Amino acid sequence: MADRSLRGIRLGAQSLQSEEGVVFMERRETTYTCDTCGHDTTLMFAADAEPPQTWECRSCGAEARLKVDGQAVTLEATDEKAARTHWDMLMERRTRAELEELLEERLAYIRARRGAGEDPTREKIGA
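First, a word on scope: everything that follows refers to the structure included in this document. In this text, all values refer to a predicted model and were calculated from it rather than measured experimentally.

About the cut-offs
Residues numbered from 1 in each chain as written. Predicted model: local features only at pLDDT ≥ 70, side-chain atom pairs only at ≥ 80, totals over all residues. Heavy atoms only, no water. Core = buried A, V, L, I, M, F, W, Y, C linked by side-chain atoms within 4.5 Å. Buried < 20%, exposed > 50% of the residue type's maximum accessible area, 1.4 Å probe, protein only. Helix = DSSP H or I, 4+ residues; strand = E, 2+ residues; numbered from the N terminus. Pairing = 2+ DSSP bridges. Phe/Tyr/Trp six-rings, centres within 6.5 Å; stacked < 30°, edge-to-face > 60°.

Describing the nonpolar core
Link 1 in the chain: Judged by nonpolar contacts, Tyr32, Cys34, Leu43, Phe45, Cys57, Ala64 and Leu66 together constitute the single largest core of 7 residues.
Link 2 in the chain: Of all elements in the fold, only strand 1 (27–34), strand 2 (40–46) and strand 4 (63–68) reach the threshold of two or more residues within this core.

Structure (structure tokens):
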């Protein structure tokens, strides 16, 4: 019976793939310098990829700037819009007075429902 048992390997112990015939992408080292603490962070990017201008510093969490030829790059101003919040979108559709009126209506509805134990908007059948 022992010679017919299945044998296997531990999960995650070793890869069943080999690196034979694999061509790795060219890479380049990119350095970021933190203006706050002076820490240098070195990252590897693909040679044809454009690295971002900023990266989070690993030691203090501040914004580190990309170094090109030993000099930190000057940050370009972007045309990105600030993210609109739910409140911003709501204020585009309603005025504050309308929102307060809707709130009062909804609160009255909830108070009536809690006090009466039923839905005040439903009509009573057979009455």
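Some points on the pairing of strand 1
Link 1 in the chain: Where strand 1 meets strand 2, 7 bridges bridge the pair, whose relative direction is antiparallel. Bridge pairing in strand 2 links arginine 28 to phenylalanine 45.
Link 2 in the chain: Between the antiparallel neighbours strand 1 and strand 2 lie 5 residues, among them glycine 38 with a positive phi of about 80°.
Link 3 in the chain: Pairing geometry for strand 1 and strand 4, over 4 bridges, is antiparallel. What sits directly across from threonine 31, in strand 4, is lysine 67.

Remarks on the packing of aromatic side chains
Link 1 in the chain: Under the definition given, this model contains 2 aromatic pairs.
Link 2 in the chain: On the basis of an interplanar angle of 35° and a centroid distance of 5.9 Å, the ring pair of tyrosine 32 and tryptophan 55 is categorised as tilted. Here the residue tyrosine 32 occupies a position in strand 1, and tryptophan 55 occupies one in strand 3 (residues 54–56), the gap between them amounting to 23 residues.
Link 3 in the chain: Members of the aromatic cluster, joined through ring pairs, are Tyr32, Phe45 and Trp55.

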